[in-house]
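Remarks on the overall topology
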Amino acid sequence: MISLCAAMAAQDKGSARQSIQYLYKGGELASNSDDGTVTEEHIREVEAVIEFNNIERGIRDLTTQDHLALTAIVSLEVDEETPVRTKQVYAKYADITSYIGVITAFVRINCDAERS
């Protein structure tokens, strides 16, 4: 079963180091659950936790302006206004920065790139 889990863990990313990390964490999960075998379920759970932590770390490391841009995109999604063009995201971002009293960063929008 372990070779199947190792193959599964490496399947998406192809990293032996990551496979070992997944197997180790999967082994911890199995041990904590008193399971005698590391299963596909354990590896999938580990994968989800690691992915969540990576996303959380990425968001935490954003600059203030990046957080505001992300907030604008989320706001547009919540309002069901997506998909959306860059100009609309910037307009929402400018509204948010104005509302909270933060200086809006100047962003040059490449209209040629936006049209493609």
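Residues numbered from 1 in each chain as written. Predicted model: local features only at pLDDT ≥ 70, side-chain atom pairs only at ≥ 80, totals over all residues. Heavy atoms only, no water.

**Some details on the overall build of the chain**
Counting its regular elements, the chain contains six helices and zero strands. Mapped from its N terminus to its C terminus, the chain presents α and β elements in the order α-α-α-α-α-α. Split into buried and exposed, the 116 residues of the chain put 21% on the buried side. (Helix = DSSP H or I, 4+ residues; strand = E, 2+ residues; numbered from the N terminus. Buried < 20%, exposed > 50% of the residue type's maximum accessible area, 1.4 Å probe, protein only.)

**Some thoughts on helix α4 (residues 64-78)**
Taking 1.5 Å per residue, 15 residues should reach 21 Å; α4 reaches 21 Å between its end C-alpha atoms and fits that length. Listed in full, the buried residues belonging to α4 are Leu68, Ala72 and Leu76. Projected down its long axis, α4 shows its buried positions confined to an angular sector of 80°, all on one face. Against α5 (86-100) lie the buried residues of α4. Looking at the residues trailing α4, positive phi occurs at Glu80, about 55°. (Expected span 1.5 Å × (residues − 1). Arc of directions from axis to C-beta. Contact = heavy atoms within 4.5 Å.)

**Examining the side chain of Thr97**
Mapped onto the secondary structure, Thr97 falls in helix α5. Reaching out from Thr97, the side chain makes a polar contact with the backbone oxygen of Ala94 at a distance of 2.9 Å. (Polar contact = N/O pair within 3.5 Å; in protein donor to acceptor, adjacent residues only side chain to side chain.)

**Notes on the pattern of salt bridges**
In this structure the tally under the stated criterion is four salt bridges. In this structure, Glu40 engages Arg44 in a salt bridge whose closest nitrogen and oxygen atoms are separated by 3.8 Å. Residue Glu40 and its partner Arg44 are located together in helix α3 (residues 40-60), separated by four residues, close to a single helical turn. Measuring nitrogen to oxygen at the nearest pair gives 3.9 Å for the salt bridge that ties Lys92 to Asp79. On the criterion of sequence distance, the pair formed by Lys92 in helix α5 and Asp79 in the loop between α4 and α5 is long-range, its members being 13 residues apart. Asp79 gets classed as partly exposed once you look at its relative accessible area, which sits at 40%. If you follow the salt bridges from partner to partner, you end up with Glu40, Arg44 and Glu47 in one network. (Salt bridge = Lys/Arg side-chain N within 4 Å of Asp/Glu carboxyl O.)

**Observations concerning the confidence of the model for the chain**
Here the chain averages 83 in pLDDT, while 78% of its residues score no lower than 70. Ranking the helices and strands of the chain by mean pLDDT puts α4 first, with 94, and helix α6 (residues 111-115) last, with 47. The low-confidence segment residues 111-116, where pLDDT is below 50, has six contacts with residues more than four positions distant or belonging to other chains. (pLDDT = per-residue confidence, 0-100.)

**Considerations on a nonpolar patch on the surface**
A contiguous nonpolar patch, built from Ile55, Ile59, Leu70, Ile73, Val74 and Val78 and spanning about 490 Å² of accessible area, is present on the exposed surface. Elements supplying a minimum of two residues to the nonpolar patch: α3 and α4. Positionally, Leu70 belongs in helix α4. (Patch = residues over 30% accessible without salt bridge, like charges linked within 9 Å, V, L, I, M, F, W, Y side chains within 5 Å. Areas by Shrake-Rupley, 256 points an atom, 1.4 Å probe, with all protein chains shown as cover.)

**Examining the packing of α4 against α5**
At a minimum axis separation of 8 Å, α4 and α5 run at an interaxial angle of 115°. Between α4 and α5 lies a crossing of right-handed hand. Residues Gln65, Leu68, Ala69, Thr71, Ala72, Ile73, Ser75 and Leu76 of α4 touch α5, and the partners they reach there are Gln88, Val89, Lys92, Tyr93, Ile96, Thr97 and Ile100. Its residues placed into classes, the contact of α4 with α5 shows nine nonpolar, five polar and one charged. (Axes fitted to C-alpha atoms, helices over the stretch in contact; angles between N-to-C directions. Left-handed = near helix turned anticlockwise from the far one by under 90°. Nonpolar A, V, L, I, M, F, W, Y, C, P; charged D, E, K, R; others polar.)

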